[in-house]
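What follows is each chain in one-letter form.
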Amino acid sequence: MEASQLLQEAIIARAKAYVPYSHFSVGAALLDVDGNVHHGCNIENAGYSPSNCAERTALFSAIAQGHRPGSFRMLAVVGDTDEPIAPCGVCRQVMVELCKPDMPVLLANMKGDTRMTTIAELLPHAFGPWNLNEPS
Ligand SMILES: O=c1ccn([C@H]2C[C@H](O)[C@@H](CO)O2)c(=O)[nH]1
Ligand SMILES: [Zn+2]
């Protein structure tokens, strides 16, 4: 699947956002090894901090469907921003946990501006599973 097709999926996912507080809808589409797409949208909460971003919704949904960390091919994220959207720090940390460092990430806005990047570029010098000592 082309990056542009995955972006179209992210735009469809964005329409499902539940954003009664920020009114800022974000969509994500995660491509797996089998060529299937997992949608994510942001889902907000009256308690504010329980809110979940589109990127994490897509990743957690795919993991819950049985897909393994490191098995994903590409992630597309879109929001109505001036520049291509910038994922938050929490999502970048989750991406590092669940995606390979060189996995392509397509960031976009609703005007059609795009930026192709990677997990490692989004969160350099990351703390990851490899930094933890295994229990003996
Ligand atoms: O990359 C981003 C940036 C923000 N949000 C959400 C979090 C919150 O619901 C709203 C405003 O920050 O947008 C995402 O889902 N993804
Ligand atoms: Zn986030």
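Residues numbered from 1 in each chain as written. Chains lettered and ligands numbered in written order. Predicted model: local features only at pLDDT ≥ 70, side-chain atom pairs only at ≥ 80, totals over all residues.

## As for the overall build of the protein chain
Just so we agree on the cut-off: Only DSSP runs of H or I covering at least 4 residues are called helices, and only runs of E covering at least 2 are called strands; the numbering of each starts at the N terminus. The globule rule is 2.2 Å times the number of residues to the power 0.38, and the radius of gyration it is compared with is taken over C-alpha atoms. Each residue gets a C-beta atom placed from its backbone, and two residues are in contact if those atoms lie within 7 Å.
If you tally the helices and strands in the protein chain, you get 4 helices and 5 strands. In terms of overall size, the protein chain behaves like a compact globule, its C-alpha atoms giving a radius of gyration of 14 Å where 136 residues would be expected to give roughly 14 Å. With the C-alpha coordinates aligned to their principal axes, the bounding extent of the protein chain is approximately 50 × 40 × 30 Å. Contacts in the protein chain between residues far apart in sequence, at least 24 positions, make up 59% of those at least 6 positions apart.

## Here we look at the nonpolar core
For the record, the criterion: The term nonpolar core refers to a set of buried Ala, Val, Leu, Ile, Met, Phe, Trp, Tyr and Cys residues connected through C-beta atoms within 7 Å. Three exposure classes are used, all based on how many other C-beta atoms lie within 10 Å of a residue's own C-beta (placed from the backbone): buried at 20 or more, exposed at 12 or fewer, and partly exposed between those limits.
If you look at the biggest cluster of nonpolar residues, it comprises 35 residues, and the most contacted ones within it are Ala 28, Leu 30, Ala 76 and Val 77. If you list the elements that add at least two residues to this core, you get helix H1 (3-14), strand E1 (26-32), strand E2 (37-41), helix H2 (54-64), strand E3 (72-79), helix H3 (89-98), strand E4 (104-109) and helix H4 (119-122). With 6 residues, E3 is the largest single contributor of residues to this core.

## Things to note about the UniProt feature "domain: CMP/dCMP-type deaminase" (unreviewed entry) in the protein chain
Rule in force here: UniProt positions are given in the numbering used here, feature names are shortened, and annotations may be inferred rather than shown by experiment.
In the numbering used here, UniProt assigns the "domain: CMP/dCMP-type deaminase" (unreviewed entry) feature to residues 1-130. Between the C-alpha atoms that bound residues 1-130 the distance is 31 Å, and the span itself is 28% helix and 24% strand.

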